Amino acid sequence: MARVLLLVENLPSPFDRRVWQEATTLAANGYDVATHLPHRTGLRGTRRDHWGIRILRYDLPLEASGALGYLREYSAALWHTFRLAWREHRRTGFDIVHACNPPDLCS
């Protein structure tokens, strides 16, 4: 069974319908799916299984505005993404990484 890691920076699943549909489709077709995404209001708990999909959440500073705010938000998101991806790699490993809605670092 292939293991898939979905990385999300800006909108948590299952509220981001595109990412959630990818995750559920992969899980329904036999993939082992884990998602890493930020906490949002009402979505607490760092680890949760939902429809066979492991959901790992991390705290993000407030939604950014301005250059320093974006730097703070993206730095935190990248740090937590790396930290959780490393933990998932040690726990089960993964064969596929899909970055959904990543920070736009090239603009």
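Structure shown above.
Quick caveat: nothing in here was measured; it's all calculated off a predicted structure.

Reading the values: the criteria
Residues numbered from 1 in each chain as written. Predicted model: local features only at pLDDT ≥ 70, side-chain atom pairs only at ≥ 80, totals over all residues. Heavy atoms only, no water. Phe/Tyr/Trp six-rings, centres within 6.5 Å; stacked < 30°, edge-to-face > 60°. Helix = DSSP H or I, 4+ residues; strand = E, 2+ residues; numbered from the N terminus. Buried < 20%, exposed > 50% of the residue type's maximum accessible area, 1.4 Å probe, protein only. Pairing = 2+ DSSP bridges. Expected span 1.5 Å × (residues − 1). Arc of directions from axis to C-beta. Salt bridge = Lys/Arg side-chain N within 4 Å of Asp/Glu carboxyl O. Core = buried A, V, L, I, M, F, W, Y, C linked by side-chain atoms within 4.5 Å.

Asker: Before we go on, may I ask you to explain the packing of aromatic side chains in this structure?
Answerer: Each aromatic ring pair is characterised by the separation of its centres together with the angle its planes make. Tallied over the full model, the rule gives 1 aromatic pair. Arranged with centres 6.5 Å apart and planes meeting at 40°, the rings of Trp 79 and Phe 82 form a pair that is tilted. Of this pair, Trp 79 and Phe 82 both sit in helix α2 (residues 66–91), 3 residues apart, roughly one helical turn.

Asker: Explain the pairing of strand β1 (residues 3–8) here, please?
Answerer: Along any regular strand, the residues point their side chains to alternate faces of the sheet. Within β1, 5 of the 6 residues are buried, which leaves it mostly tucked inside the rest of the structure. Inspection of the sheet shows β1 paired to strand β5 (residues 96–100) by 5 bridges, in the parallel sense. Looking across to β5, one finds that Leu 7 is bridged to Ala 99.

Asker: Got a minute to help me understand helix α1 (residues 17–28) in this structure?
Answerer: In an α-helix, one turn spans 3.6 residues; hence positions three or four apart end up facing the same way. Between its terminal C-alpha atoms α1 stretches 16 Å, which fits the 16 Å expected from 12 residues at 1.5 Å a residue. What α1 keeps buried is the set Val 19, Trp 20 and Ala 23. Take α1 and look down its axis: the buried residues cluster within an arc of 95°, on one side only. Facing away from the buried surface of α1 by more than 90 degrees, the exposed residues are Arg 18 and Ala 28. Remark: Gly 30 follows α1 within two positions and exhibits a positive phi of approximately 95°.

Asker: Looking at this structure, how should I read the environment of Ala 34?
Answerer: For Ala 34, the location among the structural elements is in strand β2 (residues 32–38). On the accessibility criterion, Ala 34 (1% relative accessible area) is buried. Expressed as a C-alpha distance, the spacing of Ala 34 and Val 97, which sit 63 residues apart in the sequence, is 9.8 Å.

Asker: What's the story with the pattern of salt bridges in this structure? I'm lost.
Answerer: Pairs can form between side chains of opposite charge once their charged atoms are near each other. Per the counting criterion, the structure on display carries 4 salt bridges. In this structure, Arg 54 and Asp 32 form a salt bridge, with 2.6 Å as the shortest nitrogen-oxygen distance. Linking Arg 54 in strand β4 (residues 53–58) with Asp 32 in strand β2, this pair joins segments that are 22 residues apart in sequence. With respect to class, Arg 54 is no different from Asp 32; both count as buried. Residue Glu 88 pairs with Arg 54 through a salt bridge whose shortest N-O separation is 2.4 Å. One end of the pair, Glu 88, is in helix α2; the other, Arg 54, is in strand β4, and 34 residues separate them in sequence. The residues Glu 88 and Arg 54 share a single accessibility class, namely buried. Counted as one network, the salt bridges with shared partners bring together Asp 32, Arg 54, Glu 88 and Arg 91.

Asker: I tried to follow the nonpolar core on my own but got confused; where do I start?
Answerer: In a soluble, globular protein the nonpolar side chains are often hidden away together inside. If you look at the biggest cluster of nonpolar residues, it comprises 11 residues: Val 4, Leu 6, Val 8, Val 19, Trp 20, Ala 23, Val 33, Leu 37, Ile 53, Ile 55 and Cys 100. When residues of this core are traced back to their parent elements, those giving at least two are β1, α1, β2 and β4. By size, the runner-up hydrophobic cluster in this structure holds 10 residues, among which are Leu 7, Leu 60, Ala 76 and Ala 77.

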